[in-house]
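Observations on chain architecture
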Amino acid sequence: MAAQRDLLKLTDCGLYCERGGFFIDPWKPVERAVITHAHSDHARWGMKRYLCSEESEGVLRLRVGHDAGIDTLAFGEILELNGVQLSLHPAGHILGSAQVRVEHGGQVWVVSGDYKTEPDPTCTAFEPVRCHTFITESTFGLPIYQWPDQQRVNDQINGWWRANQEAGKCSILMGYALGKCQRALAGLDPSVGPIFLHGAVKKLTDAYREQGVPLPETQVVGDVGKGFDWSRALVLAPPSANGTPWLRRFGDHSTAFMSGWMSIRGARRRRAVDRGFVMSDHVDWPSLLWAIGETGAERVWATHGYSSVLVRFLEEQGLDACVLETRWEGEQDENAEETEAPPDAPTEEPE
């Protein structure tokens with residue numbers, strides 16, 4: 001059991017595999033960082049070497065700098081580091097998101113990063129990985145969080161867009177610039193009208209297209225001159241655009257926000273938007289329990305979100321579970337993916 005407990009440990013810099021000489025999603029600069037995905041609470045600037053999935057390289061470079069030292073692995077490919085076998089497996093969170101599998105001395109650990117099990121045409125689907133110890137997120141780790149069918153949400157968004165057109169209003173749809181906006185874009189009906197992107201969303205969407213993700217045709221807000229009639233358009237923008245002078249150019253408009261938090265009463269009002277759509281790139285409660293069960297893990301460490309609730313539930317089911325305190329945030333900070341970026345990363349400045 002000692003080998004199992006020593007394979008990964010939490011340090012001041014983050015989750016560390018001492019035998020393999022690498023950190024997983026560290027929050028301070030280290031020599032070698034294995035990155036689950038490119039949201040900035042997991043992919044921080046300043047590491048000497050990064051390792052990520054092949055699919056993640058493009059968006060990771062936008063986050064940490066084009067000159068960063070980044071190595072890649074194909075999903076399922078094994079890299080041996082000082083006798084430790086390391087491999088990456090699809091997490092289904094955003095483009096290139098990965099779970100990290102670590103094996104040594106007959107013990108297998110899996111670090112989930114952030115993940116979801118719902119179908120998503122913009123990223124590789126979640127793949128359960130058998131292990132002895134599973135480190136899982138618990139962003140929405142309460143039974144009240146159960147997501148609606150994705151097609152239903154797509155239909156709601158397209159219906160809201162059509163209704164705004166009839167009222168002569170531009171539709172401003174806000175969500176994470178990385179992951180959420182591309183997922184929403186994939187579900188939009190381009191026959192309704194023109195689709196525009198905020199500059200920060202455009203740069204990341206380009207990276208998705210470069211990976212071969214099929215998305216509807218879009219234009220950039222900043223490329224349109226004064227006097228344009230925005231009443232038929234839908235604009236995808238990051239959360240920080242809300243309530244800023246940037247919105248004035250669209251004239252009469254309606255705002256909406258996409259998040260798992262929109263399933264809670266009062267969330268739309270606190271966000272000061274006209275409409276909320278329940279769309280999350282994290283597992284809901286049923287999917288969280290399903291994913292944990294599929295790993296066959298004897299021990300579960302829960303991090304960020306409602307980790308203590310999840311741990312208590314798992315203990316009642318007879319599992320060895322505990323809370324792991326990290327600096328990963330999930331959707332706790334709706335602007336998380338736009339922070340701590342290098343100088344050449346996408347910004348949320350109006351474009």
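Our subject in this report is the structure included herewith. (Residues numbered from 1 in each chain as written. Predicted model: local features only at pLDDT ≥ 70, side-chain atom pairs only at ≥ 80, totals over all residues. Heavy atoms only, no water.)

1. Overview of the sheet that holds strand S1 (residues 9-10)
- One open sheet holds the six strands; their spatial order is S1-S2-S3-S4-S5-S6, and the pairing between them is mixed. Both outer strands of the open sheet, S1 and strand S6 (70-73), are each paired with one neighbouring strand and no more. (Pairing = 2+ DSSP bridges. Helix = DSSP H or I, 4+ residues; strand = E, 2+ residues; numbered from the N terminus.)

2. What to know about the nonpolar core
- Core analysis: the biggest nonpolar cluster contains 44 residues, and Leu 60, Ile 157, Leu 173 and Leu 236 have the highest contact counts within it.
- When contributions to this core are tallied by element, the ones reaching two or more residues are strand S5 (49-53), helix H2 (57-64), helix H3 (150-166), helix H4 (180-186), strand S13 (195-197), helix H5 (199-210), strand S15 (234-237) and strand S16 (253-258).
- Here Leu 173 is in contact with Ile 157, Trp 160, Ala 184, Leu 234, Val 235, Leu 236, Ala 237, Ala 256, Met 258 and Phe 277, once residues within four sequence places are set aside.
- Counting residues in each nonpolar core, the second largest holds 23 residues, with Leu 7, Val 84, Leu 88 and Val 102 among its members. (Core = buried A, V, L, I, M, F, W, Y, C linked by side-chain atoms within 4.5 Å. Buried < 20%, exposed > 50% of the residue type's maximum accessible area, 1.4 Å probe, protein only. Contact = heavy atoms within 4.5 Å.)

3. Let's talk about the pairing of strand S12 (residues 170-174)
- Burial runs high along S12: five of the five residues are buried.
- Burial along S12 is two-sided: Cys 170, Ile 172 and Met 174 facing one way and Ser 171 and Leu 173 facing the other are all buried.
- Pairing of S12 with S16, which is carried by five bridges, proceeds in the parallel orientation. In the strand pairing of S16, Leu 173 is matched with Ala 256.
- Pairing analysis gives four bridges linking S12 to S15, with the strands arranged parallel. Residue pairing for S15: Leu 173 is matched across the bridge by Leu 236.

4. Focus: H5
- Compared with an ideal rise of 1.5 Å per residue, which puts 12 residues at 16 Å, H5 spans 17 Å between its outermost C-alpha atoms and is within 8% of the ideal.
- Within H5, the full set of buried residues consists of Gly 199, Ala 200, Val 201, Leu 204, Thr 205, Ala 207 and Tyr 208.
- Where H5 ends, the next residue or the one after it, Gly 212, has phi of about 85 degrees, a positive value. (Expected span 1.5 Å × (residues − 1).)

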